[in-house]
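Commentary on secondary and tertiary structure
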Amino acid sequence: MRIATWNVNSLGVRLGRVESWLADFQPDVLCIQETKLADDAFPALTFQALGYESFHHGQGQWNGVAILSRVGIEDPQVGFADGGDADPEARAVWATCGGVRVASLYVPNGRSLDNDHYQYKLRWLERLRVHLATSCAPTDEVCVVGDFNIAPDDRDVWDLAKFEGATHVSQAERAALGELLQWGMTDVFRAKYVEDGLYSWWDYRGGSFHKRQGLRIDLVLATAPLAARLEHTLIDRSARKGETPSDHAPVIADFGPR
DNA sequence: ATGGTCGTTGCACGA
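Residues numbered from 1 in each chain as written. Chains lettered and ligands numbered in written order. Predicted model: local features only at pLDDT ≥ 70, side-chain atom pairs only at ≥ 80, totals over all residues. Heavy atoms only, no water.

Listed under Cofactor (unreviewed entry) in UniProt, the entry text for chain A is "Mg(2+)". (UniProt positions renumbered as here; feature names shortened; annotations may be inferred.)

Moving on: the environment of Gly 146. Mapping Gly 146 onto the fold places it in strand E8 (residues 142–147). The exposure class assigned to Gly 146 is buried, which follows from its relative accessible area of 0%. Those residues in contact with Gly 146 that lie beyond four places of it in its chain are Thr 5, Gln 33, Leu 105, Ile 217, Asp 218 and Leu 219. (Helix = DSSP H or I, 4+ residues; strand = E, 2+ residues; numbered from the N terminus. Buried < 20%, exposed > 50% of the residue type's maximum accessible area, 1.4 Å probe, protein only. Contact = heavy atoms within 4.5 Å.)

Bringing the nonpolar core into the picture now. Residues Ile 67, Cys 143, Val 220 and Phe 255 are the most contacted members of the largest nonpolar core, which totals 30 residues. Here Val 220 is in contact with Thr 5, Cys 143, Val 144, Val 145, Thr 186, Asp 187, Val 188, Val 251, Ala 253 and Phe 255, once residues within four sequence places are set aside. By size, the runner-up hydrophobic cluster in this structure holds 22 residues, among which are Trp 124, Leu 132, Cys 136 and Val 144. (Core = buried A, V, L, I, M, F, W, Y, C linked by side-chain atoms within 4.5 Å.)

Below, the discussion takes up the pairing of strand E12 (residues 218–223). Burial within E12 is extensive, with 6 of its 6 residues counted as buried. Across the two faces of E12 the burial is the same, with Asp 218, Val 220 and Ala 222 and Leu 219, Leu 221 and Thr 223 all buried. Bridging between strand E9 (residues 185–187) and E12 involves 3 bridges; their strand directions are antiparallel. Residue pairing for E12: Thr 186 is matched across the bridge by Ala 222. (Pairing = 2+ DSSP bridges.)

With that out of the way, let us pick up the sheet that holds strand E14 (residues 251–255). Taken in spatial order, the 6 strands of this open sheet run E3-E4-E2-E1-E14-E13, and their pairing is mixed. If you trace the sheet from one side to the other, it starts and ends with strand E3 (53–57) and strand E13 (230–235), each paired once. Here the strands of the sheet are splayed against their neighbours by 10 degrees on average, with no regard to which way each runs. The pairing of strand E2 (residues 29–33) with strand E4 (residues 65–69) spans 5 bridges and is antiparallel. If you follow Gln 33 over to E4, its bridge partner there is Val 65. (Axes fitted to C-alpha atoms, helices over the stretch in contact; angles between N-to-C directions.)

This paragraph deals with the sheet that holds E12. On the basis of which strands lie adjacent, the open sheet formed by 6 strands has the order E5-E6-E7-E8-E12-E9 and mixed pairing. In this open sheet, the two edge strands, each paired with only one partner strand, are strand E5 (74–78) and E9. Taken over all neighbouring pairs, the strand axes of this sheet differ in orientation by 20 degrees on average, direction set aside. Where E8 and E12 come together, 5 bridges link them in antiparallel fashion. Within E12, the position partnered with Cys 143 by the bridge is Ala 222. Sheet strands touched by helix H3 (residues 116–135): E5, strand E6 (92–97), strand E7 (100–106), E8 and E9. Its angle to E6, the strand with the most contacts, is close to 25 degrees.

Have a look at this one:
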């Protein structure tokens, strides 16, 4: 089972690229972030014609997350089932695809450590932790993927000095991610590759991609029964090349049969 | 030199 995640930075602009990427990589599940579309503008029929059912939660101009699946979409769910207020931003969808509980997440950016949005980010991560702890078990097959806007450790940052005092690397964010891992999830890309310099996002400005100045912030987290079957994982840097790319590359994980 | 680009929208702001 091939599960992929890709922050496309506007599905309206990137639909052609997503269509050809699906044809090239044939994922069973593709989780998309930053569709920047309202639900009635989501191109479900286009994906259906390619063999993918879909579930989208959007709000229009910003955010927006989706799951595409050619192995079924059951029990779709939006946001967090923690009894709290609905998230005002469209950042999380869940569905069961081929027996795996899948989440497509767009974790808040945080903007800066002294910004209210950073507190929203930390609260959002805590709601994610509670949602997982109360609706899933580490012994279930759960795959939580997306743009985490957190570089898990220093290997995932091109220049630590540039990020001193910034979001994406702060102790509190990394600790929040660490709690998800401690609960029972594996960062499957890091499980296969230990070296630094392997990134999934590069700033559009200043030729960052060609200078290899990026961050690894797009993650595939899997519970033990799934992670034990990991066969391959890849960041598709080729998708960051050419005309009008997203600033993120897709991340793929292949899990063998049960 | 504290910039740079791209997406949204609308002539600024978020990432």
